[in-house]
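In case you want the letters, here they are:
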Amino acid sequence: MIGATGLAPAPARRRAGARNCISYLLAALALTLVGIVIFHKFLLLGKLPLYLDIGADSLNDYYPTFVHLSDYIRREGFPSWSFSVGMGQSIFYLAGDLIWEPVVWLPKRLISDGLIFQHLLKTLIAGLIFFRFLQIRGLNFCSSLLGSMLLGFSAYMCMGSCWVINADEVVGFSFLLFAAEIAVSRGRWFYLPFAIALVGLITVFHLFLAAILLISYVPGRLIETHGWNPRTWGQPAIQIGWVCLIGVGLAAVIWVSSLHCILNTPRGSGTIPNFAFAAPPTRIFHLESLSYYLTAALRPFSNDILGSGDQFQGWENYFEAPAVYCGLVTLLMWPQVFITATRRERIVYGLLLGVILIPVIFPWFRYALWFFKGGYFRTLSLFSIFGFIVLSMRAFSAYQEQRRLNYRVLGGTLLALMGFLYLPILFKRAGIDPSIRQLAAITLGLLAVTLAVGQFFNRQRVAGWIAALIGLINLVYFDGLTVNRPTLHKDDLRKRVGYNDQTIEALLEVRPANENCFFRINKTWGSGLANRISYNDAMIFGYYGTMSYSSFNNLDYIQFLLATEAIPADNLATDAQWSTGLLWEPLLSTFACEKFLITQLPSRFATADYYELVNRYDDIYIFRNTAFVPLGISFDRSFPEEGFSQMPKWAKQRTLLHAVVIGGGAKASNLQIKEAGPDELAQWRDISDADALASLRLHALRLTSFSETRIAGSVSVDHDSVLLFQMPFDDGWHSSVDGKSGQIIRADVGLLGVPLPAGVHRVELFYSPPFLYLGAGVTIIAALAFIVLSWRWPRIPLPVAP
């Protein structure tokens, strides 16, 4: 794999290195200054990138995750299992955030202030990487600098800010493109494994997206450079593929266990066939609505041309609609690339445009990209931005290097863009912002005139810089509309509202003095100030509840809620994400270790059974559940899951108080746990709920120690029994009974049980992410392979360009 490469004389290399350093510094300065201008209200006026609109509600999603991780790594260490997510869940899939989201290392009180600096840092990194990528492709300084800004301040990058996955993808895939270009054009593969590994730390699914990007870019780039004959470039492409596998292996210590976690969710398991939007189209060439195509046609002109945030009037919502705005100069320039390109390059670029446009025109292909789990644009929008910036900046660079524009193509492009802007559709029906449309039209006209006049007077380099400045001014103004949507202000965090309301005092009153105990708290409202109710208050305030908003809620958690009819089955795509848990289910909540209830609706609980008022903080009331049931309750009777599923809701809840529900595939070996018969069912009806709960307390586990990943206690059972833990089943939990390895089973349609013989037992549960050691082994092997290959074969031999 060693390729013969000539080296320039040392003085020439030093001069080139000095020029590169100066260009980096200038690019960094320009990116920083533009970032300060766009985000000046966040840096100087106290705004926080915690958006309140429904489409990109970062306040109720990523922010609680950051706060929880900040607490978790200080209290428990590496992300593993957390009882603050739903009824308990593995959060190992968030391990990549320890690298991608530096704010989680800050104390939680500093996270909101640190978010804007984290975002600007990612903007700077992504911009500099893409700047170097364009330079390696042979573009001049002006085009490389403009391209880096168009990416770093694209709508995709600016829209979320705290919706961090956008910024993570821009940084990760920019680095991947840079690494791939270095490998393809210079044979240096060193960066590629690290780029793959970093992308895999975003989520395991991003490894698939990385493969899509590389499969599209690497062969196309090799064909563009070396021709159509695969014998010429096939061997380098295969070697690049092997190098990419090393990168996959480097991240295996994280993604293997994360994959198991994600597959154990309604989304990843396929329990819910479509997780977003309508059902996927059944026909390949199915067409969408007029609103869909209007949105796709107009949003490249401005991310806010159809409205900002909750005022968005296009297809779906502000965040899920295509976010492909990356400056108007790209729209005007990309057709010019076909004028100066060779025939082979035109074919490659045409195929690239086809890959970008076909999923937009025919949604079936977009759904296929997401395995028909949703019709997202998201990363497809980013890949489109990459493509249009690369094509347009190549044409822009050629223009500045005295290659002539085609006036007819320029004029035709301008007329076509104006036609899209002023589509003959009823103005009110379209919902187009007239001021944005007018400004976009004026900017396009100025750009076209500047480029044409510059060529007429043979001053393309000067005209190019003027056009870049015009495009940059437009970019800054339109980005200002995107980033200045309704957000929290620093003053909001000082007021007694939102996540700073009197829930804090209420929790201080009920927080346990002894850390070796466990109970849940139900909070009947969300404290978040966003336009959507907050489901993750437990992560913010640091208590154990049952509600959870997550795209990756634990599958057994959702199955338990479905089986007990705590959530309906007719709207599962929504309720499996925005799960209310056991809210408004007092008997189930008591069964699941509820000890306190915090509410703003005291009348609903003042006369309820086993609730007594403890204290009041203005409009916040604290109730104690006098029938509290501890974690870990034993049953010497079982009930078949098949029969349980056919019961009415009230009977299901009462059955859980008397017997453990066992499915056919979860038999406790070597134990004689009696199955309840019809006579016992009749007897249970005569036992009051209060008496049944009291009996559960008598046969409960006596906790001796408790942490998020280790639970220990003792229990006495008169007959062979199942010790039921009121938390979701997970393969990562292991049991020890009297110092010997025990068995765990799935019980109560999604909870965790430990079979016990009659007698007194010491029981211990401990959690380890499944397949962690397998992933670690793969990572070690991949690291050794990387070291050997980088020493023996530091370069991939490339064919000589024709």
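Residues numbered from 1 in each chain as written. Predicted model: local features only at pLDDT ≥ 70, side-chain atom pairs only at ≥ 80, totals over all residues. Heavy atoms only, no water.

**Student:** Help me understand the overall build of the protein, please; the structure alone is not making it clear to me.
**Tutor:** Tallying secondary structure elements over the protein gives 34 helices and 22 strands in all. On the principal axes, the C-alpha backbone points of the protein span a range of 95 × 60 × 50 Å. Residues classed as buried in the protein amount to 58% of the 802 residues present. Of the contacts formed within the protein by residues at least 6 apart in sequence, a portion of 74% connects residues at least 24 apart. As displayed, the protein has an accessible area near 32,500 Å², and 62% of this comes from carbon and sulfur atoms. In the protein, which carries 63 positive and 55 negative side-chain charges, the distance between the mean positions of the two groups comes to 16 Å. (Helix = DSSP H or I, 4+ residues; strand = E, 2+ residues; numbered from the N terminus. Buried < 20%, exposed > 50% of the residue type's maximum accessible area, 1.4 Å probe, protein only. Contact = heavy atoms within 4.5 Å. Areas by Shrake-Rupley, 256 points an atom, 1.4 Å probe, with all protein chains shown as cover. Lys, Arg positive; Asp, Glu negative; His and termini not counted. Charge placed at Lys NZ, Arg CZ, Asp CG, Glu CD.)

**Student:** Please clarify how the confidence of the model for the protein should be interpreted in this entry.
**Tutor:** Parts of the prediction with low pLDDT should not have their coordinates interpreted in detail. Confidence along the protein averages 90 in pLDDT terms, with 95% of residues attaining 70 or more. The low-confidence segment residues 1-6 (pLDDT under 50) makes 13 contacts with residues lying over four places distant or belonging to another chain. (pLDDT = per-residue confidence, 0-100.)

**Student:** Which parts of the structure should I look at to understand the sheet that holds strand E9 (residues 611-617)?
**Tutor:** Picture the strands of a sheet paired through backbone hydrogen bonds; they go either parallel or antiparallel. The strand order E5-E8-E10-E9 describes an open sheet built from four strands, whose pairing is mixed. Lying at the two open borders of the sheet, with one neighbouring strand each, are strand E5 (520-523) and E9. Here the average twist between neighbouring strands, direction ignored, is 25°. In terms of strand pairing, E9 meets strand E10 (residues 620-625) through six bridges, oriented antiparallel. (Pairing = 2+ DSSP bridges. Axes fitted to C-alpha atoms, helices over the stretch in contact; angles between N-to-C directions.)

**Student:** For this particular structure, what's the right way to read the pattern of salt bridges?
**Tutor:** Between side chains of opposite charge, a pair can form when the charged atoms approach closely. By the definition in use, this model includes 25 salt bridges. The partner of arginine 221 in a salt bridge is glutamate 224, with the nearest N and O atoms 3.4 Å apart. Of this pair, arginine 221 and glutamate 224 both sit in helix H10 (residues 205-226), separated by three residues, roughly a single helical turn. The residue glutamate 320 makes a salt bridge to arginine 378 at a minimum N-O spacing of 2.5 Å. Residue glutamate 320 is located in the loop between helix H14 (290-298) and helix H15 (328-333), and its partner arginine 378 is located in helix H19 (residues 378-400); the two are separated by 58 residues in the primary sequence. Several salt bridges converge on common partners, so that one network encompasses Arg137, Glu181, Arg221, Glu224, Glu345 and Arg394. (Salt bridge = Lys/Arg side-chain N within 4 Å of Asp/Glu carboxyl O.)

**Student:** Sorry, what's going on with the packing of helix H12 (residues 252-263) against helix H34 (residues 772-792) here?
**Tutor:** Axes are the key here: two packed helices are described by the angle between their axes and the distance separating the axes. Closest axis-to-axis distance for the H12/H34 pair is 7 Å, and the angle between their directions is 150°. Between H12 and H34, the angle is such that the two are roughly antiparallel. Judged by the twist between their axes, the crossing of H12 over H34 is right-handed. The residues of H34 that touch H12, namely those facing Ala252, Val253, Val256 and Ser257, are Leu772, Gly775, Ala776, Val778 and Thr779. Looking at side-chain class alone, the contact of H12 with H34 contains six nonpolar, three polar and no charged residues. (Parallel < 35°, antiparallel > 145°, perpendicular 65-115°, else oblique. Left-handed = near helix turned anticlockwise from the far one by under 90°. Nonpolar A, V, L, I, M, F, W, Y, C, P; charged D, E, K, R; others polar.)

**Student:** Teacher, can you tell me more about empty space enclosed by the protein here?
**Tutor:** Empty space among the atoms becomes visible once a probe the size of a water molecule is rolled across them. Per the stated rule, a full pass over the model turns up seven cavities of 30 Å³ or more. Approximately 80 Å³ is the volume found for the largest cavity. If you trace the largest cavity, you find it lined by Ile521, Asn522, Lys523, Trp525, Ser534, Tyr535, Asp537, Ala538, Tyr543, Gly545, Thr546 and Met547. Breaking the lining of the largest cavity down by element, the ones donating at least two residues are E5 and helix H26 (537-541). With three residues, E5 is the single largest residue contributor to the lining of the largest cavity. For the lining of the largest cavity, the class distribution of residues is six nonpolar, four polar and two charged. Reported here for the second largest cavity is a volume of approximately 70 Å³. (1 Å grid on protein atoms, 1.4 Å probe; cavity = no way out; pocket = protein on both sides within 12 Å on 5 of 7 lines; lining within 4 Å. Points joined across faces, edges and corners; volume = space filled by probe spheres on them.)

**Student:** Quick question: what am I supposed to make of the pairing of strand E1 (residues 47-51) here?
**Tutor:** The two faces of the sheet receive side chains in turn, since in a regular strand these alternate between them. By the criterion of burial, E1 is predominantly enclosed, with five of the five residues buried. Strand direction decides the pairing type here: E1 and strand E4 (residues 487-489), joined by two bridges, are antiparallel. Considered in E4, the bridge of tyrosine 51 is made with threonine 487.

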